[in-house]
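# Analysis of the macromolecular model
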Amino acid sequence: NAGVTQTPKFQVLKTGQSMTLQCAQDMNHNSMYWYRQDPGMGLRLIYYSASEGTTDKGEVPNGYNVSRLNKREFSLRLESAAPSQTSVYFCASTKRAENEAFFGQGTRLTVV
Amino acid sequence: GESVGLHLPTLSVQEGDNSIINCAYSNSASDYFIWYKQESGKGPQFIIDIRSNMDKRQGQRVTVLLNKTVKHLSLQIAATQPGDSAVYFCADLGNKLVFGAGTILRVKS
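Because the structure is a prediction, the values reported are computed rather than measured.

The subject of this paragraph is the overall build of chain A. Of regular secondary structure, chain A possesses 0 helices and 11 strands. Order of helices (α) and strands (β) in chain A, N terminus to C terminus: β-β-β-β-β-β-β-β-β-β-β. A separation threshold of at least 6 residues defines the contact pool for chain A, and within that pool the share at least 24 residues apart is 54%.

All right, on to the pairing of strand β3 (residues 19-25) of chain A then. Residues and elements named next belong to chain A. Taken across its 7 residues, β3 has 5 buried, putting it largely inside the fold. As judged from the 4 bridges shared by strand β1 (residues 4-7) and β3, these two strands associate in the antiparallel manner. Opposite Thr7, over in β3, you have Gln22 as the bridge partner. Sheet topology places β3 next to strand β8 (residues 74-78); 3 bridges connect them, and they run antiparallel.

Let us look at the sheet that holds β1(A). Residue and element names in this part refer to chain A. Spatially, β1-β3-β8-β7 is the arrangement adopted by the 4 strands of the open sheet, whose pairing is antiparallel. The outermost strands of the open sheet, each flanked by one partner alone, are β1 and β7 (65-68). The average angle at which neighbouring strand axes cross in this sheet is 15°, direction not considered.

Moving on: the nonpolar core. Counting 21 residues, the largest nonpolar core has A:Tyr33, A:Tyr35, A:Phe103, B:Tyr36, B:Leu97 and B:Phe99 as its most contacted members. Elements supplying a minimum of two residues to this core: β4 (31-37), β5 (43-49) and β9 (87-94) of chain A together with β3 (32-38), β8 (86-93) and β9 (97-99) of chain B. For this core, the leading source of residues is β8(B), giving 4 residues. Dropping the residues within four chain positions of it, B:Phe99 is found in contact with A:Tyr35, A:Leu43, A:Phe103, B:Tyr36, B:Phe89, B:Cys90 and B:Ala91. A:Leu21, A:Tyr64, A:Leu76 and A:Val111 belong to the second largest nonpolar core, which has 20 residues in total.

When we look at a pair of aromatic rings, we describe it by the centre distance and by the angle of the planes. By the definition in use, this model includes 10 aromatic pairs over all chains. With a centroid separation of 6.3 Å and 15° between ring planes, the pair formed by A:Tyr33 and A:Tyr48 is classed as stacked. With A:Tyr33 in strand β4 and A:Tyr48 in strand β5, the pair connects residues that are 15 residues apart, well separated along the chain. Judged on exposure class, the residue A:Tyr33 and its partner A:Tyr48 are both buried. Ring geometry for B:Tyr36 against B:Phe99: centres 5.4 Å apart, planes inclined by 45°, an arrangement best described as tilted. With B:Tyr36 in strand β3 and B:Phe99 in strand β9, this pair connects stretches of sequence that are 63 residues apart. What makes B:Tyr36 buried here is its relative accessible area of 0%. Stacked on the ring of B:Tyr32, the Lys or Arg B:Arg51 has its end atom at 4.0 Å from the ring centre.

Here is what the cut-offs are and how they apply
Residues numbered from 1 in each chain as written. Chains lettered and ligands numbered in written order. Predicted model: local features only at pLDDT ≥ 70, side-chain atom pairs only at ≥ 80, totals over all residues. Heavy atoms only, no water. Helix = DSSP H or I, 4+ residues; strand = E, 2+ residues; numbered from the N terminus. Contact = heavy atoms within 4.5 Å. Buried < 20%, exposed > 50% of the residue type's maximum accessible area, 1.4 Å probe, protein only. Pairing = 2+ DSSP bridges. Axes fitted to C-alpha atoms, helices over the stretch in contact; angles between N-to-C directions. Core = buried A, V, L, I, M, F, W, Y, C linked by side-chain atoms within 4.5 Å. Phe/Tyr/Trp six-rings, centres within 6.5 Å; stacked < 30°, edge-to-face > 60°. Lys NZ or Arg CZ within 6 Å of the ring centre and 35° of its normal.

Don't take any of this as a statement about function, it's just geometry.
This is the structure in structure tokens:
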């Protein structure tokens, strides 16, 4: 029972490079979320997807795009990475908005 | 616009003492809250939840209190142990899953 799986676990990018962070859940959950967590700070919501085919901005969406590819997968794309995007990124999913969220193990991204 | 992150406050307690971690929320329509624990290098994990039709809910060594009048939550941990050292977040499961700022709990042996 994998739960929420994020890839990659670690990534180093140069400023201006692009990349996509992948997230997949095998729990048949409807809602999925992307967060960033800077050192010593809380989780900030980047984007979320309440259901397949819908996406909405969270607290800090600038510099990111997302795709809800299907019910299982929700990807986060950085088109032109900046050092300010150095962070740990967490993906989460819930069956409905009113349910407990399950988190992936995180992707540690460094932009140099 | 983008929010500015805040550095997390720290609560230091002696092993065996009780811990109280507080959280404020802003949406008066919110009706479901969860406390999460995040250990170093890991994603957040569920501790306990509470719905707005309750004032108090108890789990194993943990109690959550909800005061809707002042939009405040607290998490009480009884007989705090070294393994309780972590960052604790409250989350508002309204339309978006938005987290509170979090509190670092350090347990001194």
